[in-house]
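Tertiary structure, described
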Amino acid sequence: MKLFVGSLPYNILESELSELFGQFGSVVSAKLIVDQFSGESKGFGFVEMSTRSEGHKAMDGLNGKEYKHRKLVCNEAKPPVKRGQRRR
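Residues numbered from 1 in each chain as written. Predicted model: local features only at pLDDT ≥ 70, side-chain atom pairs only at ≥ 80, totals over all residues. Heavy atoms only, no water.

Quick notes on helix α1 (residues 14-22)
- Of the positions making up α1, those classed as buried are Leu17, Leu20 and Phe21. Here the buried residues of α1 occupy an arc of 90 degrees about the axis, which is enough to place them on one side. Seen from the buried face of α1, the exposed residues on the opposite side, beyond 90 degrees, are Ser15 and Glu19.
- Of the surrounding elements, those touching the buried residues of α1 are β1 (2-6), β2 (27-34), β3 (41-49), α2 (52-62), β4 (66-67) and β6 (73-76). (Buried < 20%, exposed > 50% of the residue type's maximum accessible area, 1.4 Å probe, protein only. Helix = DSSP H or I, 4+ residues; strand = E, 2+ residues; numbered from the N terminus. Arc of directions from axis to C-beta. Contact = heavy atoms within 4.5 Å.)

Considerations on the pattern of salt bridges
- Here the structure, examined in full by the defined rule, presents two salt bridges.
- As a salt-bridge pair, Arg52 and Glu76 come within 3.3 Å of each other at their nearest N and O atoms. In this pair, Arg52 sits in helix α2 while Glu76 sits in strand β6, placing the two residues 24 residues apart along the sequence.
- Judged by relative accessible area, Glu76 falls into the partly exposed class, the value being 37%. (Salt bridge = Lys/Arg side-chain N within 4 Å of Asp/Glu carboxyl O.)

Regarding the sheet that holds β1
- An order of β2-β3-β1-β6 is seen for the four strands of this open sheet, with the pairing classed as antiparallel. One side of each edge strand has no neighbouring strand; the edge strands of this open sheet are β2 and β6. When the angles between neighbouring strand axes are averaged without regard to direction, this sheet yields 20 degrees.
- Direction of pairing for β1 relative to β3: antiparallel, over a ladder of five bridges. Note that in β3 the partner of Phe4 across the bridge is Phe46.
- Across the sheet, α1 lies against β1, β2, β3 and β6, angled at about 135 degrees from β2, the strand it touches most.
- Sheet strands touched by α2: β1, β3 and β6. Its angle to β6, the strand with the most contacts, is close to 155 degrees. (Pairing = 2+ DSSP bridges. Axes fitted to C-alpha atoms, helices over the stretch in contact; angles between N-to-C directions.)

Examining α2
- Here α2 has its buried residues at Glu54, Gly55, Ala58, Met59 and Leu62. The buried residues of α2 occupy an angular sector of 140 degrees when projected down its axis, which confines them to one face.
- Against the buried residues of α2 lie β1, α1, β3 and β6.
- At the C-terminal side of α2, Gly64 shows a positive phi close to 85 degrees.

What to know about the packing of aromatic side chains
- Following the criterion strictly, the structure yields three aromatic pairs and no others.
- Ring geometry for Phe4 against Phe46: centres 5.8 Å apart, planes inclined by 65 degrees, an arrangement best described as edge-to-face. Taken together, the residues span a long stretch of sequence, with Phe4 in strand β1 and Phe46 in strand β3 at a distance of 42 residues.
- Among the residues examined, Phe4 registers a relative accessible area of 25% and is labelled partly exposed.
- Exposure remark for Phe46: the relative accessible area of 23% places this residue in the partly exposed category.
- Relative to Phe46, the ring of Phe44 lies with its centre 6.4 Å away and its plane at 85 degrees, an arrangement referred to as edge-to-face.
- Members of the aromatic cluster, each reached through a chain of ring pairs, are Phe4, Phe44 and Phe46. (Phe/Tyr/Trp six-rings, centres within 6.5 Å; stacked < 30°, edge-to-face > 60°.)

Structure below.
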């Protein structure tokens, strides 16, 4: 189950994100979204849990909880929306 995680501290590492979710089950992957120009975190990311039940445990355990002075947002990730090509 893939989860969206928002309102993350900007200085968090992917290993910390994986460890945070690891307390609720097996983490398949943890990915922070970074700005392509500055390389700095945008404050959100995605975590994939091995089962839906572990994903729901993580959502219940972390959504609205405070982590490093930030109130986390955690819910099921929606599939990406296809966008048209940009004109130049």
